[in-house]
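Per-entry structural report
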Amino acid sequence: MPRFWRRQTILAKIETTYGTDASPVAANAILASNVSFNPMEGQDVDRALERGYMGHKGTIAAGLHATLTFNVELQGSGTAGTAPAWGPLLRACGVAETIDSGVSVTYNPVTDDHESVTIYFAIDGTRHVLKGARGTCRINVTAQGIPVLQFTFTGLFAQPTDETAVTPVLTGFLKPLIASSTNTPTFTIDEDPYVLRSLQLDLACQVEHRPLIGAETVLIVDRADMIEATIEAVAMATLNPFALAAAGTELEVELVHGTAAGSIVTLNAPTAQMQRPAGQENQQGIVEWPLRLAPQPASGNDQWTLALT
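A brief report on the enclosed structure follows.

Definitions and limits used
Residues numbered from 1 in each chain as written. Predicted model: local features only at pLDDT ≥ 70, side-chain atom pairs only at ≥ 80, totals over all residues. Heavy atoms only, no water. Disulfide = S-S within 2.5 Å. Buried < 20%, exposed > 50% of the residue type's maximum accessible area, 1.4 Å probe, protein only. Phe/Tyr/Trp six-rings, centres within 6.5 Å; stacked < 30°, edge-to-face > 60°. Helix = DSSP H or I, 4+ residues; strand = E, 2+ residues; numbered from the N terminus. Core = buried A, V, L, I, M, F, W, Y, C linked by side-chain atoms within 4.5 Å. Contact = heavy atoms within 4.5 Å.

So, about the state of the cysteines. According to the stated counting rule, one finds zero disulfides in the structure shown. This cysteine, Cys137, is not joined by any disulfide, and Cys93 carries the nearest cysteine sulfur, 5.5 Å off. Judged by relative accessible area, which is 0%, Cys137 ranks as buried.

Rendered as structure tokens:
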């Protein structure tokens, strides 16, 4: 019998001890899309044997690890102060989760003590386990599209096994809202509103697999957060990104998506440095600017927040 790609499940759970299987269950299921999986990344070490005749020298697989990429819809839990079902994934991207019960859940980048997840990725009865997984994320909001979190995880390699299929519990994932003027009431730069086509916050975490003697880990060793926003061009007197980039000016960028309590997502970068504009675009006969802004930390780990209220 063939194995069907559509019969797949992703389970993810925060690890108590790094690299120790957290044993995720059906309640830890992830509702994902655009899944891509590389189960056995690494190198083939050439044995370079001298045998006195021609032929392949033979290799040994080394540095084995797995990578898993997928999207998750950006939508709150529906209850203010209750963490979303995708929270563990963002936490494993070098991000802290702060819960104010009944009020809000706020995420911000952190430099130390990064958490990790165990991910079970199953395809039609074959289960792959990624322990010690850490990753990076892009938050992507595009007009008339579904806002998504685009995750890429790297985890330790383990041999796949045949397992009984799990029926995932996905009740924690609510139907999302399309990004629009109605559903996305706020987009501002330096507290001034602009017409937005798309916005992306790339956490740009540098994720490294380190298969050393005595320890094998996946670490987040650095990050270079970047915001890309495409807006309708305006008069220079209103916004001059060229002068702002030349001066290295820092500006507040804020986007609010959602209007109902429990489903409001606010992305805020209080001190984002304007970068050199990449050019100008013709969209439906209208001039648009693709802007780049680099979130800058003030006291540290505060260059951006993602708040759910």
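Let us now look at the packing of aromatic side chains. Aromatic ring pairs are defined here through the distance separating the ring centres and the angle between the ring planes. This model, assessed by the stated rule, comprises seven aromatic pairs. Ring plane angle 40° and centroid distance 5.9 Å describe the contact between Phe70 and Phe151, whose orientation is recorded as tilted. You can see Phe70 sitting in strand S3 (residues 59-73) and its partner Phe151 sitting in strand S8 (residues 148-156), a full 81 residues away along the chain. For Phe70, a relative accessible area of 0% puts it in the buried group. Overall, Phe151 belongs to the buried group, its relative accessible area being 0%. Aromatic side chains Trp86 and Tyr107 sit 5.7 Å apart centroid to centroid with 35° between the ring planes, which places their arrangement in the tilted category. You can see Trp86 sitting in the loop between S3 and helix H1 (87-91) and its partner Tyr107 sitting in strand S5 (residues 104-109), a full 21 residues away along the chain.

Counting residues in hydrophobic clusters, the biggest one holds 61 residues, and the most contacted among them are Phe70, Trp86, Phe151 and Leu306. When residues no more than four places from it in sequence are discounted, the contact partners of Trp86 are Val72, Glu73, Leu74, Gln75, Tyr107, Leu149, Phe173, Leu306 and Leu308.

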